[in-house]
Amino acid sequence: IIEDVEIRKILDSRGNPTVEVDVLTENGFGRAAAPSGASTGIREVTAFPEDGIDNIMNDFGSRVALELIGIDSQDTNLIDTILKEIDGTDNLSSLGGNIIVAISLATAKAASSSYNMPLYSFLGGNMKNEIPYPLGNMINGGAHAGKNAPDIQEFLVVPVGAKNITEAVFANSRVHKRIGELIKAKDKSFTGGKGDEGGWAPNLTNEDALYIQAKACEEVGDELGIEIRPSMDVAASSLWDDKQEKYVYEREGMLRNSGEQVDFVEDIINTYNMFFMEDPFHENDFNGFTELTRRSGNKCLICGDDIFVTNAELLQKGIDVGAANAIIIKPNQIGTLSDTYKTIKLAKDNGYVPVVSHRSGETTDETIAHLAVAFSCPLIKTGAIGGERIAKLNELIRIEKQMINVTMAKI
Ligand code: PGA
Ligand code: ZN
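Residues numbered from 1 in each chain as written. Chains lettered and ligands numbered in written order. Predicted model: local features only at pLDDT ≥ 70, side-chain atom pairs only at ≥ 80, totals over all residues. Heavy atoms only, no water.

The protein has the name Enolase in an unreviewed UniProt entry, where Methanobacterium bryantii is given as its organism. In the Pathway (unreviewed entry) part of its UniProt record, the protein is described as follows: "Carbohydrate degradation; glycolysis; pyruvate from D-glyceraldehyde 3-phosphate: step 4/5." Turning to the protein, the UniProt record has this under Function (unreviewed entry): "Catalyzes the reversible conversion of 2-phosphoglycerate (2-PG) into phosphoenolpyruvate (PEP). It is essential for the degradation of carbohydrates via glycolysis." (UniProt positions renumbered as here; feature names shortened; annotations may be inferred.)

So this is what it looks like as structure tokens:
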């Protein structure tokens, strides 16, 4: 039974304000914080009310906490329904999706703590005791880095041959280091700058970044004796220009229409044996997604982030047209734990790989590590280095140690 709910304004990894919520029950305690995106999808719920966080923080006791006190913290569906009713809007713009998601997750954590259970086992009634593979972020561009960095937002790797999570996260950090050396060798003026998600932010073309990444995957893979595969998040909504109806690669001075974008991305998938390709098209370009999935879906995960925004209705639309075979899961895109689970379930029922993900603006909250394990998601995207990223990776190491008969996910 919930006895108190407290909210406070805290820092995120970009130095911007976000919220943290504490939920106290008779014999439990849960704390969760919300992250923030930089390349947000237009159909995400609204993160914060238009007038900022301060007003809602002032009214929090009367408007929110009082409504929750006395409710059973285990009843996630009821809690989430109450939160949505208090908000009263479709896009959660009154309370703010970030405030709602922090309460929703903190309540589940309070419930798990009152049973003395870690969150993953409390939520994971029929979980498979599998640890997700980490998609490590190596090079940052686009909205996550400065002007001369690549147009493509994220160059990622997956240590697909790793036999446990420790081997996997250290393989990623080793590739990250090696890529830093290779960038330095190519560009003597590189000063080691990094982007929002801890990947390097170099003055490189997409092509050079891809080449360096592939080389590092191969070298470190050979050194460690495991296969490491390149991946990327194009974050193409950030490249799309509605007026020109083209994907604009500013740094490269290139424009591509949707058809040219399909050819461009297909070529990258084939040349670099890509494991995972996120948002290769903008959030309304279902046709581009469907065509690429038709051509490459058997050899690469084609993953939707901005196009689905963790929303079951949008995912269903994608399923109907064969738009992808994987989906990014970010709880604060949809606002509640129960809606997050609903989307994961729909994805799995239709053969879409759910990939639980951080945001570019993060906190040291580790909850997504638990969600990925609880809901048996085979991949987690949460960077490779940096305090707010390793909070999740190190939590996975702890979880793996606690679990019995644990294996890596099947990917
Ligand atoms: P965001 O980007 O957190 O800035 O929205 C992450 C992503 O596009 O995957
Ligand atoms: Zn993305």
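There is more to say after this.
Colleague: Explain the state of the cysteines here, please?
Modeller: As enumerated under the stated definition, the model contains zero disulfides in all. Of all cysteine sulfurs in the structure, the one in C300 sits closest to C217, which takes part in no disulfide; the separation is 13 Å. No disulfide involves C300; its sulfur sits 9.8 Å from the nearest other cysteine sulfur, which is in C303. (Disulfide = S-S within 2.5 Å.)

Colleague: Is there a simple way to think about the nonpolar core in this case?
Modeller: Within soluble globular proteins, side chains that are nonpolar generally end up buried alongside one another. Ranked by size, the top nonpolar core spans 127 residues in total, and within it F276 and M277 carry the most contacts. Ranked by the residues each element gives to this core, the list is headed by helix α3 (residues 97–114), at nine residues. If sequence neighbours within four positions are ignored, F276 has contacts with L135, L156, P230, S231, M232, C300, L301, C303, I328, V355 and L379. (Core = buried A, V, L, I, M, F, W, Y, C linked by side-chain atoms within 4.5 Å. Buried < 20%, exposed > 50% of the residue type's maximum accessible area, 1.4 Å probe, protein only. Helix = DSSP H or I, 4+ residues; strand = E, 2+ residues; numbered from the N terminus. Contact = heavy atoms within 4.5 Å.)

Colleague: Is there a simple way to think about the site of ligand 1 in this case?
Modeller: Close to ligand 1 lie 15 residues; A38, H144, R359, S360 and K381 are nearest. Take D233: an N or O atom from its side chain is 3.1 Å from an oxygen atom of ligand 1. For ligand 1, an oxygen atom lies 3.1 Å from a polar atom in the side chain of K330. (Near = heavy atom within 4 Å. Polar contact = N/O pair within 3.5 Å; in protein donor to acceptor, adjacent residues only side chain to side chain.)

Colleague: How should the coordination of the zinc ion (ligand 2) be read in this particular structure?
Modeller: D233 (OD), E278 (OE) and D305 (OD) make up the full set of protein donors to the zinc ion (ligand 2), lying at 2.0 to 2.2 Å. Counting along the primary sequence, the residues that act as donors to the zinc ion (ligand 2) give the motif D-x44-E-x26-D. Taken together, the residues span a long stretch of sequence, with D233 in strand β7 (residues 229–233) and D305 in the loop between β12 (301–304) and α9 (312–321) at a distance of 72 residues. Summarising the burial analysis for this pair, D233 and D305 share the class buried. (Donors = N, O, S within 2.8 Å, 3.2 Å for Na, K, Ca; no water.)

Colleague: Explain the UniProt feature "domain: Enolase C-terminal TIM barrel" (unreviewed entry) in the protein here, please?
Modeller: Residues given the UniProt feature "domain: Enolase C-terminal TIM barrel" (unreviewed entry) here are residues 128–411. For residues 128–411, the end-to-end C-alpha separation is 14 Å, with 42% helix and 18% strand making up the annotated structure.

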